[in-house]
Amino acid sequence: MKLQIKRLVVQFFSLIAINLGFIKQMKTGFCYPFLYCNSCPAATSGCPIRAIEKSLYDHSFSWKLLVYPILILGFFGITTGRAVCGWACPIGLLQRAVGKVPRYLKKKIPLFRRINQWEGERFLRYLKYVTLFSLVIVSPFFFGFMFTDICPIGTFVGTLPTLFLNPSKFAPNPFFWIAIIFFVLFFLLILLVERGWCRYFCPVGAILAPFNKVSYLSVSVNIEGCIHCDVCSDVCPMGINVPEMNRDPECILCGKCIDACPKKLIKFKRS
Amino acid sequence: MLVQKNLLSLRGVKVKKILVFQISALLVSSGLFLGMLAFTDVYGEVQNTIVETLCLSCIKLKSKTSVSFTFETANGAAHPDFIMKNLTRGPVFLYYGEKACPACDVMYPVVKQFLHVEFQKDKSYYNLTSFENQTVVYIYIYLDDSGTPKEWIDSFKIYDKDHINGLPMFTIVTLEYEHGGNVRPYYATLSGAFLDTDEERINFLTKLMQESFSMYNRNKIAYQNHH
């Protein structure tokens, strides 16, 4: 079976597994190792970001709720780096599903090509660390929830399904429309930039990214035989310069470059 | 040749170092994780207060404010003993809250003002208070307080009439005569930060409490004779 088909099967089963919460016994006390909302009517586990925010809410500190999701993320991070983003995250699957749109735009419209090739784009990737630090860690401690209030994933899989499944029980509160604006912006982003959410804003991605440097599983490039055709960089959904990457924090180990390399110089590497 | 050999051996040392680091980190993280599962209540805390309950304000929703009284509990379980006992004193007002729930923070001063009670936001609390010179049993159930009796926490599912699972939640338990011939607990539940201003909320709760008292006063003697 081709690697990308395998990945699709894994993503599909992951999507089913994390949405078994409609069976009451499947509502567990674990945290997801990716960003998915526990308010989703079918969620089986908690959002790691919600646990972190809750641990620090309103000048408090609950070490258990802080350490618990970090240990779960740490376990996956040490073993596979950011592979959960590429292989298990349902928002990753959504971005994969719409990925052809930004790719098409990049190919057909010069402006998009220029935006994607813009030198400063790599600095935008630090925004996810800023999001993590300011909205997930600092803001709940001093001011209250901010990431939760604007989280487009929460709106997409939590708010909207809850509202549509129970229109007689719930009504939007005044913040609903602000959340909808962020949700629309999120959709625009992933339609304009391939994996735009993972690249620039995902706070779970920001926690997992540094683990790529030390993870057991990584992608390795045998640069000696490289013919610099750049096919690998071209197919990379995260916009990485693949031949020069050395355990790049942005790599989601999707394996597209492995499939694409005409010389078969790119491989998954253990240790 | 020698340089290349040295480089390879250095690379080998680096690879070994990273492998040792990976194995140690894996052992530490999985050990700590299993330790937390075994020796702390974090699994239950995440399950009860994050996965199984909805923070309504977090998902930018509010419950629709229509209140109706019912005899039937939400999960079919019997009314808890602490409710049955306290109903001999007066209607019971239950307020369920949790940590990191902005709507709970909105309703906290409303409840304080409405029932003239002073209590800490992060500690479960029981008090006999008064409403229009009549006794009300006030019970604040803070789901994140480890000192909260289990019976109190379990009552959340008993009184979540519309299966909203949302916090904050308010329940007023009073007494009413059932057609079968018994006086039984009769309750209404509200979820979320309902209505728009504190004044509207207090007026709404006042009307609800007056209705509860009119039922309670009609039926209390029959109930007290049996309990």
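Just above sits the structure.
The notes below deal with the structure included here. (Residues numbered from 1 in each chain as written. Chains lettered and ligands numbered in written order. Predicted model: local features only at pLDDT ≥ 70, side-chain atom pairs only at ≥ 80, totals over all residues. Heavy atoms only, no water.)

Here's the deal with the nonpolar core
Counting residues in each nonpolar core, the largest one holds 69 residues, and the members touching the most others are Leu35(A), Ile49(A), Phe147(A), Ile153(A), Phe186(A), Trp197(A) and Ile266(A). In terms of residue count, helix α12 (residues 176-192) of chain A provides more of this core than any other element does, 5 residues in total. With 61 residues, the next largest nonpolar core counts Tyr57(A), Ala74(B), Phe93(B) and Ile141(B) among its residues. (Core = buried A, V, L, I, M, F, W, Y, C linked by side-chain atoms within 4.5 Å. Buried < 20%, exposed > 50% of the residue type's maximum accessible area, 1.4 Å probe, protein only. Helix = DSSP H or I, 4+ residues; strand = E, 2+ residues; numbered from the N terminus.)

As for the interface of chain A and chain B
Counting residues at the interface gives 52 residues for chain A and 46 residues for chain B. Interface area for chain A against chain B, summed over the two sides, is near 4200 Å², with a carbon-plus-sulfur share of 67%. The largest per-residue losses of area from chain A upon contact with chain B belong to Lys54(A), Leu71(A) and Lys169(A), which jointly make up 15% of the total buried on that side. At the junction of chain A and chain B, the tally comes to 6 salt bridges. Put simply, Lys121(B) and Asp58(A) hold a salt bridge, and the shortest N to O gap is 3.7 Å. Viewed at the interface, chain B and chain A are joined by 19 residue pairs in polar contact (both at pLDDT 80 or more). (Contact = heavy atoms within 4.5 Å. Buried area = accessible area lost by both parts, 1.4 Å probe. Salt bridge = Lys/Arg side-chain N within 4 Å of Asp/Glu carboxyl O. Polar contact = N/O pair within 3.5 Å; in protein donor to acceptor, adjacent residues only side chain to side chain.)

Section: the environment of Gly147(B)
Looking at the secondary structure, you find Gly147(B) in the loop between β5 (134-142) and α5 (150-159). In this structure, the C-alpha to C-alpha distance between Gly147(B) and Ser124(B), residues 23 residues apart in sequence, is 7.5 Å.

Details of the state of the cysteines
A full pass over the atoms with the stated rule returns 2 disulfides over all chains. Paired through a disulfide, Cys55(B) and Cys58(B) show a sulfur-sulfur distance of 2.3 Å. Looking down the S-S bond of the Cys55(B) and Cys58(B) bridge, the torsion is 65°, so its handedness is right-handed. The burial state of Cys55(B) is the same as that of Cys58(B); both residues are buried. Between the sulfur atoms of Cys101(B) and its disulfide mate Cys104(B) the distance is 2.2 Å. Across the S-S bond linking Cys101(B) and Cys104(B), the dihedral sits near 80°, which makes this disulfide right-handed. The class of Cys101(B) is buried, set by a relative accessible area of 0%. Cys40(A) forms no disulfide, and the closest cysteine sulfur to it belongs to Cys37(A), at a distance of 7.4 Å. Here Cys232(A) stays unpaired: no disulfide links it, and the sulfur of Cys229(A), its closest cysteine neighbor, is 6.0 Å away. (Disulfide = S-S within 2.5 Å.)

Thoughts on the pairing of strand β4 (residues 125-131) of chain B
All names here are of chain B. Where β4 meets β5, 7 bridges bridge the pair, whose relative direction is antiparallel. Residue pairing in the sheet places Phe-131 in a bridge with Gln-134 of β5. Taken together, β4 and the strand that follows it, β5, pair antiparallel across an intervening segment of 2 residues, in which Glu-132 is found at a positive phi of about 50°. (Pairing = 2+ DSSP bridges.)

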